[in-house]
Amino acid sequence: MPIDEWHSAEKRKSANPSQWKRNVIKKSIATGKSYLNYKGREIGERKTGPDCCCKKYKCFVQINEEDRKLILENFNKLEETYVQNVYLGGLIKTENVERERSKTGTGKKRSCSYKYYIKLGNRNIQICRNGFASIHGISKKRVDNVAKEYRDPTVTTPAQSSREKHQNRPNRIPSE
Ligand SMILES: [Zn+2]
């Protein structure tokens, strides 16, 4: 292709205003900057959410204001939503919980639960789900989606069952 022809084709490609607008919005959402949405409404920059006020972890006490600011800043520096999700997923771990059958037959059976952590230097600090969402300035829905798809895959496996141990016994006599 002659160079001037290639040039005009390239120009046509990048001169698509709706594509350009979409990219600006996408990048603004990822980096947490304020932007005008498709309807022209201004969406504010990403901020730390409300204090979870939980008594169990006291998230906003454990992670002080200075640290919260730093965490959000670093999070916003990850410019791609996917990269952010991978980062968040690395902070969510799975814990095996005994499957309990409810007596009435109602209610949800839980087979695992998630644990949320904040990494400060070399320390991993466990916090609650609400605090995790607030500190990253994201919705709880996004936390749940990340937990489902990107969480740390290592799960504590239960100890070898007694049945398996029995079968492995070397001097087992056949019953026949
Ligand atoms: Zn909390």
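Thresholds applied
Residues numbered from 1 in each chain as written. Predicted model: local features only at pLDDT ≥ 70, side-chain atom pairs only at ≥ 80, totals over all residues. Heavy atoms only, no water. Donors = N, O, S within 2.8 Å, 3.2 Å for Na, K, Ca; no water. Tetrahedral: all angles 85-135°; square planar, octahedral: opposite > 155°, others 65-115°. Helix = DSSP H or I, 4+ residues; strand = E, 2+ residues; numbered from the N terminus. Buried < 20%, exposed > 50% of the residue type's maximum accessible area, 1.4 Å probe, protein only. Core = buried A, V, L, I, M, F, W, Y, C linked by side-chain atoms within 4.5 Å. Contact = heavy atoms within 4.5 Å. Axes fitted to C-alpha atoms, helices over the stretch in contact; angles between N-to-C directions. Parallel < 35°, antiparallel > 145°, perpendicular 65-115°, else oblique. Nonpolar A, V, L, I, M, F, W, Y, C, P; charged D, E, K, R; others polar. Phe/Tyr/Trp six-rings, centres within 6.5 Å; stacked < 30°, edge-to-face > 60°. 1 Å grid on protein atoms, 1.4 Å probe; cavity = no way out; pocket = protein on both sides within 12 Å on 5 of 7 lines; lining within 4 Å. Points joined across faces, edges and corners; volume = space filled by probe spheres on them.

## Re the coordination of the zinc ion
Coordination of the zinc ion by the protein comes from Cys52 (SG), Cys54 (SG), Cys59 (SG) and Cys128 (SG), over a distance range of 2.2 to 2.3 Å. Coordination at the zinc ion comes from four donor atoms whose angles at the metal span 102 to 116 degrees, giving a geometry best classed as tetrahedral. In the primary structure, the donors to the zinc ion are separated according to the pattern C-x1-C-x4-C-x68-C. Here cysteine 128 lies in the loop between β5 (123-127) and α6 (129-136) and cysteine 54 lies in the loop between β2 (42-43) and α3 (59-62), a separation of 74 residues in the sequence. Accessibility classification places cysteine 54 together with cysteine 128 in one group, the buried group.

## A closer look at the nonpolar core
Core analysis: the biggest nonpolar cluster contains 24 residues, and Cys59, Ile63, Ile118, Ile127, Phe132 and Ile135 have the highest contact counts within it. Broken down by secondary-structure element, the contributors of at least two residues to this core are α3, α4 (65-77), β4 (112-120), β5, α6 and α7 (140-150). Apart from residues no more than four positions distant in its own chain, phenylalanine 132 is found in contact with Leu88, Leu91, Ile92, Tyr116, Tyr117, Ile118, Ile127 and Val143.

## Here's the deal with the packing of α6 against α7
Across the interface, α6 lies against α7 with an axial gap of 9 Å and an inter-helix angle of 110 degrees. Comparing their axes, α7 and α6 come out roughly perpendicular. Of α7, the residues touching α6 (which contributes Arg129, Asn130, Phe132 and Ala133) are Lys140, Val143 and Asp144. In terms of residue class, the contact of α6 with α7 is built from three nonpolar, one polar and three charged.

## Side note on the packing of aromatic side chains
Here the distance between the centres and the angle between the planes together describe a pair of aromatic rings. Considering all chains together, one arrives at three aromatic pairs under this definition. Taking the centre distance of 6.0 Å and the plane angle of 65 degrees together, the rings of tyrosine 82 and tyrosine 150 count as edge-to-face. Placement of the pair is tyrosine 82 in helix α5 (residues 81-89) and tyrosine 150 in helix α7, with a sequence separation of 68 residues. Overall, tyrosine 82 belongs to the exposed group, its relative accessible area being 55%. What makes tyrosine 150 partly exposed here is its relative accessible area of 26%. Ring geometry for tyrosine 116 versus phenylalanine 132: centroids 5.4 Å apart, planes at 45 degrees, classification tilted.

## What to know about the layout of surface pockets
The space that makes up the largest pocket amounts to roughly 160 Å³. Along the walls of the largest pocket sit Lys47, Gly49, Pro50, Asp51, Cys52, Asn130, Ala133, Ser134, Gly137, Ile138, Ser139 and Lys140, which together make up its complete lining. The element contributing the most residues to the lining of the largest pocket is α6, with three residues.

Spatial relationships are all this shows, so hold off on functional conclusions.
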